[in-house]
Amino acid sequence: MGNGLKEQIEHTQKEIGFSGSILVKQREQVLAKSSYGYANRADKVDNEISTRFGIASGCKIFTAVAISRLVEEGKLSFDSKLKECLDISFPNFSENITIHHLLTHTSGIPDYFDEEIMDDFEELWIEKPMYHMRRLQDFLPFFQHAQMKFSPGEKFHYNNAGFIVLGLIIEKASGLEFKDYVQKSIFEKAEMTDSGYFALDSLPVKTALGYIEHEDGTWKTNMYSIPVQGGSDGGAFVTVGDMLKFWDALVNYRLLSESLTKTLLTPHVQEEADDYYGYGVWIKKKEDTIFKYHLMGYDPGVSFHSSYYPEIDVSLAVCANISSGAYKIMSEIEGRLN
């Protein structure tokens, strides 16, 4: 890691008005640690390293680890067919969809937020208010009876509905509500004591509100823009410290066996030239070696990036309570990795 990292982060933060927290570690050594902006703008409460942030789709890897734990327990396999795992009727879905397809966004099932039709996530809540979205089954009416987009395994197409289905499978196989299973089998095992799937209308202390900024400089919170309760496709809250605890627990086989961890982190499907997808995780290669495993999440009022660089044993987390900025900060840090 080159010198001047703190100065570069400070410069970029001022340039883009970043609001959030940043933590970078190489093994036990802290390379960068800082927070900016307000967790609560109305009351001028500062963001701190211990502040919890929403991470949107960044927590799909928790769903993938949860599925993998159930595979390890012999309750599922990655080749299990969707129709064998749930009693829910999906009348237009292919009979060949497997858990592997759902984990790798190759199932072909319709999504509940179709970016080809809608460009604003908030449009979803016009007919079904977001404050009713508290359980995974609440999402089913959005896609349960829709037509397949393509045949299973045909191609990669990022899909939130597939991870809702995975969450329902976890609930059926474990006998627990999704968030409770993740709490018990991942957060507690990784000692992620400040993380959880919190409802927006009952947030715990030290949780940042997400802010959506308008072009005229005014803002609003994201309380009416995203589901009130996060689930298996996104919406957990973490601290930057807890996120690094997760990477440490994952790559040191404290969450899964070595063989299942390797299966999770295998580049299963190619998205672009050097970009691949494992199970719930993005994978970037450089010259045929793994450069990084990375997670990202974007919602109105949420911007998140977290990566682990195996060759140099560096992990980072950038959590923002605004709609953009985490990528820019992450890129500046990454540019100084050596």
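Now for a look at the structure at hand. (Residues numbered from 1 in each chain as written. Predicted model: local features only at pLDDT ≥ 70, side-chain atom pairs only at ≥ 80, totals over all residues. Heavy atoms only, no water.)

### Topic: the overall build of the protein
Each helix and strand counted, the protein has nine helices and 14 strands in total. Taken over C-alpha atoms, the radius of gyration comes to 19 Å for the protein, in line with the 20 Å a tight globule of 338 residues would show. In terms of principal-axis extent, the alpha carbons of the protein reach across some 55 × 45 × 35 Å. Expressed as a percentage of the 338 residues in the protein, the buried residues total 56%. (Helix = DSSP H or I, 4+ residues; strand = E, 2+ residues; numbered from the N terminus. Rg over C-alpha atoms; globule rule 2.2 N^0.38 Å. Buried < 20%, exposed > 50% of the residue type's maximum accessible area, 1.4 Å probe, protein only.)

### Some thoughts on the packing of aromatic side chains
Summed over the entire model, instances satisfying the criterion amount to 20 aromatic pairs. Relative to Tyr308, the ring of Trp247 lies with its centre 6.2 Å away and its plane at 25 degrees, an arrangement referred to as stacked. Of the two residues, Trp247 is situated in helix H7 (residues 240-251) and Tyr308 in strand S13 (residues 302-309); the sequence distance between them amounts to 61 residues. Comparing Trp247 with Tyr308, the two get one shared label, buried. Members of the aromatic cluster, connected to one another through ring pairs, are Phe62, Phe178, Phe187, Tyr197, Phe246, Trp247 and Tyr308. Taking the ring centre of Tyr276 as reference, the NZ or CZ of Lys285 above it sits at 4.7 Å. In this structure, Lys286 is placed above the aromatic ring of Phe291, and the distance from its NZ or CZ to the ring centre is 4.1 Å. (Phe/Tyr/Trp six-rings, centres within 6.5 Å; stacked < 30°, edge-to-face > 60°. Lys NZ or Arg CZ within 6 Å of the ring centre and 35° of its normal.)

### Quick look at the pattern of salt bridges
As enumerated under the stated definition, the model contains 16 salt bridges in all. A salt bridge links Glu258 to Lys262; the nearest nitrogen and oxygen atoms lie 2.8 Å apart. In this pair, Glu258 and Lys262 are both assigned in helix H8 (residues 258-264), four residues apart and thus about one turn of the helix distant. Note that Lys292 is salt-bridged to Glu334, the shortest N-O span being 2.8 Å. Within this pair, whereas Lys292 is found in strand S12 (residues 289-299), its partner Glu334 is found in helix H9 (residues 326-334), the two being separated by 42 residues in sequence. Each member of the pair, Lys292 as well as Glu334, carries the same accessibility label: buried. Ionic contacts of the salt-bridge type, sharing partners, join the residues Arg135, Glu171, Glu177 and Lys179 into one network. (Salt bridge = Lys/Arg side-chain N within 4 Å of Asp/Glu carboxyl O.)

### Brief notes about the sheet that holds S13
If you walk across this open sheet you meet the eight strands as S2-S1-S14-S13-S12-S11-S10-S9, and the pairing is antiparallel. Of all strands in the sheet, those bounded by a partner on one side alone are strand S2 (29-36) and strand S9 (269-270). Those strands touched by H7 are strand S1 (20-26), S12, S13 and strand S14 (314-320), and its axis lies near 145 degrees from that of S14. (Pairing = 2+ DSSP bridges. Contact = heavy atoms within 4.5 Å. Axes fitted to C-alpha atoms, helices over the stretch in contact; angles between N-to-C directions.)

### As for helix H5 (residues 160-174)
Over its 15 residues, H5 extends 21 Å from the first C-alpha to the last, a length consistent with the 21 Å expected when each residue adds 1.5 Å. Most of H5 sits inside the fold, with 13 of its 15 residues counted as buried. One side-chain oxygen at the N-terminal end of H5 lies 2.8 Å from the backbone nitrogen of Ala161; it belongs to Asn159. Backbone geometry just downstream of H5 places Gly175 in the positive-phi region, at approximately 80 degrees. (Expected span 1.5 Å × (residues − 1). Polar contact = N/O pair within 3.5 Å; in protein donor to acceptor, adjacent residues only side chain to side chain.)

### Details of the nonpolar core
In this structure, Phe62, Ile67, Phe143, Ile169 and Phe246 are the most contacted members of the largest nonpolar core, which totals 77 residues. What Ile169 contacts, discounting residues up to four positions off in sequence, is Ile67, Leu76, Leu82, Cys85, Leu86, Ile99 and Leu102. Ranked by size, the runner-up nonpolar core spans 20 residues in total, among them Leu316, Ile322, Ile333 and Leu337. (Core = buried A, V, L, I, M, F, W, Y, C linked by side-chain atoms within 4.5 Å.)

### Focus on the side chain of Ser21
Here Ser21 lies in strand S1. A polar side-chain atom of Ser21 sits 2.9 Å from the main-chain carbonyl oxygen of Glu48. Among all residues touching Ser21, those that are not within four sequence positions of it are Ser34, Ser35, Glu48, Ile49, Phe53, Val240, Ala317, Val318 and Cys319.

### Some words on the pairing of S12
The buried count for S12 comes to eight of 11 residues, which makes it a mostly enclosed element. In this structure, strand S11 (residues 282-286) lies alongside S12, joined through five bridges in antiparallel fashion. From the neighbouring strand, Lys284 faces S12, where its bridge partner is Lys292. Between S11 and S12, which pair antiparallel and follow one another directly, the connecting turn spans two residues, one of which, Glu287, has a positive phi of 55 degrees. In this structure, S12 lies alongside S13, joined through seven bridges in antiparallel fashion. Along S13, the bridge assignment pairs Leu295 with Ser306.

### What to know about the state of the cysteines
A complete count under the given rule lists zero disulfides for this structure. Counting only cysteine sulfurs, Cys319 is the nearest neighbor of Cys59, a cysteine outside any disulfide, at a range of 11 Å. Looking at Cys59, the relative accessible area reads 0%, which means it is buried. For Cys319, a relative accessible area of 0% corresponds to the buried category. (Disulfide = S-S within 2.5 Å.)

### Here's the deal with the packing of helix H2 (residues 60-72) against helix H6 (residues 178-187)
In contact at an axis separation of 10 Å, H2 and H6 are set at 80 degrees when each is read in the N-to-C sense. Viewed along their axes, H2 and H6 adopt a mutual orientation that is roughly perpendicular. Residues Phe62, Thr63, Val65, Ala66, Arg69 and Leu70 of H2 touch H6, and the partners they reach there are Phe178, Tyr181, Val182, Ser185, Ile186 and Phe187. The class makeup of the residues in the contact of H2 with H6 is nine nonpolar, two polar and one charged. (Parallel < 35°, antiparallel > 145°, perpendicular 65-115°, else oblique. Nonpolar A, V, L, I, M, F, W, Y, C, P; charged D, E, K, R; others polar.)

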